[in-house]
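In case you want the letters, here they are:
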Amino acid sequence: MRIAVTTLFTVCVVAIAIAQTKPTSYKGLEITALGIERAKNVALIDCPPGNNSVRGNARGEEEFAVVTLAFKVTPAFKETIVKKPVLTDTAGKTYNTSVSIIDPGSLPEYKCTFPFRVPLGTKIASVAIDSATINISSLDK
């Protein structure tokens, strides 16, 4: 039984490691893309997560591509305004999110979800925050 549990744990850890990108540095923040989910209804919670309880609903032939990003504040971070992420599909079209990054240095590490309203079946290429672009096509399944 112990071997089976150890093997299962190892498989889970490997799966998690594969399902994220390498960290990208931006103004003293290490940003790692953790995944992409598709949804019809989403919470529009600012980043780091707070008390905002607004929800978004996709219409007709739309869905939300919800990108989860992990942030780590490094010693190089200096308080600054961080722009909202922008999503780019494989055709080069860009999509905006309504979720803002507020007080990015308030926690040493945090995860945030950024919903982007896209046409159904849109293939995702990357997400960018200002000059930092993260290729997330491998996370789009």
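Heads up: the structure comes first, above all this text.
Residues numbered from 1 in each chain as written. Predicted model: local features only at pLDDT ≥ 70, side-chain atom pairs only at ≥ 80, totals over all residues. Heavy atoms only, no water.

A. Structural view of the overall build of the protein chain. Helices and strands together make up the secondary structure of the protein chain, namely one helix and ten strands. Seen in sequence order, the protein chain has helices and strands lined up from the N terminus as α-β-β-β-β-β-β-β-β-β-β. Residue burial in the protein chain is summarised as follows: out of 141 residues, 39% are buried. For the protein chain, the share of sequence-separated contacts (at least 6 apart) that also reach a separation of at least 24 residues comes to 70%. Carbon and sulfur atoms make up 58% of the accessible area of the protein chain, which amounts to about 8400 Å² in all. (Helix = DSSP H or I, 4+ residues; strand = E, 2+ residues; numbered from the N terminus. Buried < 20%, exposed > 50% of the residue type's maximum accessible area, 1.4 Å probe, protein only. Contact = heavy atoms within 4.5 Å. Areas by Shrake-Rupley, 256 points an atom, 1.4 Å probe, with all protein chains shown as cover.)

B. Representation of the nonpolar core in the model. Counting residues in each nonpolar core, the largest one holds 28 residues, and the members touching the most others are Leu-69, Phe-71, Leu-87, Phe-114 and Ile-136. At the level of elements, strand 2 (29-39), strand 5 (62-73), strand 8 (109-119), strand 9 (124-129) and strand 10 (132-135) are the ones that each hand at least two residues to this core. When residues in this core are grouped by element, the largest group, five residues, is from strand 8. Discounting chain neighbours no more than four positions away, the residues touching Ile-136 are Thr-21, Ala-33, Ile-36, Val-67, Leu-87, Ile-124, Ala-125, Ser-126 and Val-127. (Core = buried A, V, L, I, M, F, W, Y, C linked by side-chain atoms within 4.5 Å.)

C. Representation of the sheet that holds strand 1 (residues 24-26) within the structure. Across the sheet, which stays open at both edges, the four strands sit in the order 1-2-5-8 with antiparallel pairing between neighbours. The open sheet has two free edges, formed respectively by strand 1 and strand 8, since each of these has just one partner strand. Adjacent strand axes in the sheet meet at a mean angle of 35°, parallel and antiparallel pairs treated alike. Pairing between strand 5 and strand 8: eleven bridges, direction antiparallel. (Pairing = 2+ DSSP bridges. Axes fitted to C-alpha atoms, helices over the stretch in contact; angles between N-to-C directions.)

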